[in-house]
Amino acid sequence: MKRKPSILLLLIAFLSFVSAASAQTASTALANLPEADMLIYLSPQRILNDALPKVMPAKELNEMQAAFADLKRGVGVDPSTIEYVVLAVRFHKPAADLSFVAPDVMAVVGGDFSSESLLTLAQLSLQDKVQVEKHGTKTVAIMKVDEIAREAEKNPLLKPFIEVGAVALTPNSLAIGNMRYINAAVAAADGTGRLKPETLQSLMRDPNVLMAATGSPLGAFARSFGLLGTEATPRDSRCESNFGNFYSAAVISGANVSLRGAMNADNPDTAKIITNLLSSLLKTDLAPIPDKTAQAILQSLKLTARDNEVMIEADFPLQMIADLVREQTKPKAEATPTSAPKKSSPRRPVQRKRRN
């Protein structure tokens, strides 16, 4: 006779399926982003629903949830249902006159909301400050930032950020950034210049993270400082190496916070050399570091060499973070006023009698 699966097992299976489907949705959406030299990934859903309730005082948590409810009624977005926030940075070759070109910056938000409705709401709110243009298959809302425009007159590096664009990449994802990157995002959504698969694989090594980051600093440096030529004169690369490419993430694992990281060292020998060097540095006295939490985190760090990578791992109790949050949010005691010093009476000038 076959036993029926318990309700608990069915619930666990359902939650596992939902988690896997959510991670797959995020990965699919991020695969359509333009190329990037650095990506920072946040999961507001997990941070707000899983992490914060374990470290935030109940009163402040209730106030936050009430604010989210007001936001939901006002603009139709509940931050606790936002699936992902990604900050992307892309560097460029120097200009023809050998001047440094500022990197592109873009934020992409995806979740349970209507991106088209948010754009419409923003246009109604800002009215004549926003102009709408057709770029490829997408409609882009463009706003000039007057404060940056004034600063750009003194600092040319700010010129790419004078105009900021917003576009609905999908029905439930919105991108905001400087216009050059927004145009690249529109092209990527149409299939041109998309994110490299290995970059996305590095970022989403663990789809259940609270936050993660990945990047290729050596490649960004080579492009920004002319090792690959300029925008007018390309130059063949003489350094084909993934050295410095990194990954880092934070995950809640039971009652602990797990930090995970990796850095590409190009080859196994270099990975071991760097691991041994960093391990010896971590054995030094940590007493000069005033923050006890920082000391505990550094003491829990474990470094290992695995193939071409330097792996970094750390596990510490979630309660440590909770104590730190409570300590930082605790109202400071008012300083007791000290009694004012008694004022000495002014000395009267001595009058001398004039002799006749």
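Note that the structure is a prediction, hence the values are computed from the model and not measured.

1. Topic: the overall build of the protein chain
For step 1, the next point in the chain: Regarding its fold elements, the protein chain presents eleven helices and twelve strands.
For step 2, the next point in the chain: By residue count, 33% of the 356 residues in the protein chain fall in the buried class.
For step 3, the next point in the chain: Pairs at least 24 apart in sequence give 66% of the contacts found in the protein chain among residues at least 6 apart.
For step 4, the next point in the chain: Here the protein chain displays about 23000 Å² of accessible surface, and carbon together with sulfur accounts for 58% of that area.

2. Thoughts on the sheet that holds strand S4 (residues 130–135)
For step 1, the next point in the chain: With respect to topology, twelve strands assemble into an open sheet ordered S4-S5-S6-S7-S3-S2-S1-S8-S9-S10-S12-S11, the strand pairing being antiparallel. A single partner strand is all that each edge strand has here, and the edge strands are S4 and strand S11 (302–306). Each strand of the sheet is rotated relative to its neighbour by a mean of 15 degrees, with strand direction disregarded.
For step 2, the next point in the chain: One ladder, built from six bridges, connects S4 with strand S5 (residues 138–144); its direction is antiparallel. Pairing of Val 130 across the sheet is with Met 143, part of S5.

3. Points about the pattern of salt bridges
For step 1, the next point in the chain: Overall, the coordinates contain seven salt bridges when judged by the stated rule.
For step 2, the next point in the chain: A single network of salt bridges, built from pairs that share partners, joins Arg 90, Asp 104 and Arg 180.

4. Brief notes about the side chain of Lys 138
For step 1, the next point in the chain: You can see Lys 138 is positioned in strand S5.
For step 2, the next point in the chain: The charged side chain of Lys 138 is buried without a salt bridge, its nearest counter-charge being Asp 190 at 5.6 Å.
For step 3, the next point in the chain: Within the structure, Lys 138 has its side chain in polar contact with the backbone oxygen of Leu 169 (distance 3.0 Å).
For step 4, the next point in the chain: Beyond its immediate chain neighbours, meaning those up to four positions away, Lys 138 contacts Glu 133, Val 167, Ala 168, Leu 169, Val 186 and Ala 189.

5. Quick word on the nonpolar core
For step 1, the next point in the chain: Core analysis: the largest hydrophobic core is formed by 31 residues, its most contacted members being Leu 30 and Tyr 41.
For step 2, the next point in the chain: When residues of this core are assigned to their parent elements, the largest contribution, six residues, is made by helix H6 (residues 179–189).
For step 3, the next point in the chain: Residues Leu 48, Leu 52, Met 56 and Leu 318 belong to the second largest nonpolar core, which totals twelve residues.

6. Focus on the pairing of S5
For step 1, the next point in the chain: Two successive antiparallel strands, S4 and S5, enclose a turn made up of two residues, where Gly 136 displays a positive phi of approximately 65 degrees.
For step 2, the next point in the chain: Both S5 and strand S6 (residues 163–170) contribute to a ladder of five bridges, which runs antiparallel. If you follow Met 143 over to S6, its bridge partner there is Val 164.

7. A few points about the confidence of the model for the protein chain
For step 1, the next point in the chain: Overall, the predicted model of the protein chain reaches an average pLDDT of 84, with 84% of residues at or above 70.
For step 2, the next point in the chain: Counting interchain partners and residues more than four positions distant, the pLDDT-below-50 stretch residues 1–23 has five contacts.

The rules behind each value
Here, residues in each chain are numbered from 1, in the same order as that chain's written sequence. At least 70 in pLDDT is required for a residue's local features to be given in this predicted model, at least 80 for side-chain atom pairs to be given and counted, and no such filter applies to totals for whole chains, interfaces and linings, which use all residues. Computation of side-chain values covers all heavy atoms of the structure but excludes hydrogens and water. Counting from the N terminus, the helices are the DSSP runs of H or I reaching at least four residues and the strands are the DSSP runs of E reaching at least two. Classification of residues uses two cut-offs on accessible area relative to the type maximum, computed with a 1.4 Å probe and protein chains only: under 20% is buried, over 50% is exposed, and between them is partly exposed. Residue contacts follow a heavy-atom distance rule, with two residues in contact if any of their heavy atoms lie within 4.5 Å. Per-residue accessibility takes into account occlusion by the displayed protein chains alone, with areas from the Shrake-Rupley method and a 1.4 Å probe. Any two strands with at least two DSSP bridges between them are considered paired. Helix axes are fitted to C-alpha atoms over the stretch in contact, other axes to C-alpha atoms as well, and angles between N-to-C directions run from 0 to 180 degrees. The working definition used for a salt bridge is a side-chain nitrogen of Lys or Arg within 4 Å of a carboxyl oxygen of Asp or Glu. Asp and Glu are treated as the negative residues and Lys and Arg as the positive ones, with His and the ends of the chain left uncounted. For the purposes of these results, a polar contact is taken to be a pair of N or O atoms within 3.5 Å, where, inside protein, one atom must be able to donate a hydrogen and its partner to accept one; residues adjacent in sequence count only when each atom of the pair is a side-chain atom. Nine residue types can take part in a nonpolar core, namely buried Ala, Val, Leu, Ile, Met, Phe, Trp, Tyr and Cys, and a core is a set of them joined through side-chain atoms within 4.5 Å. As a per-residue measure, pLDDT tells how confident the predictor is, with possible values from 0 to 100.

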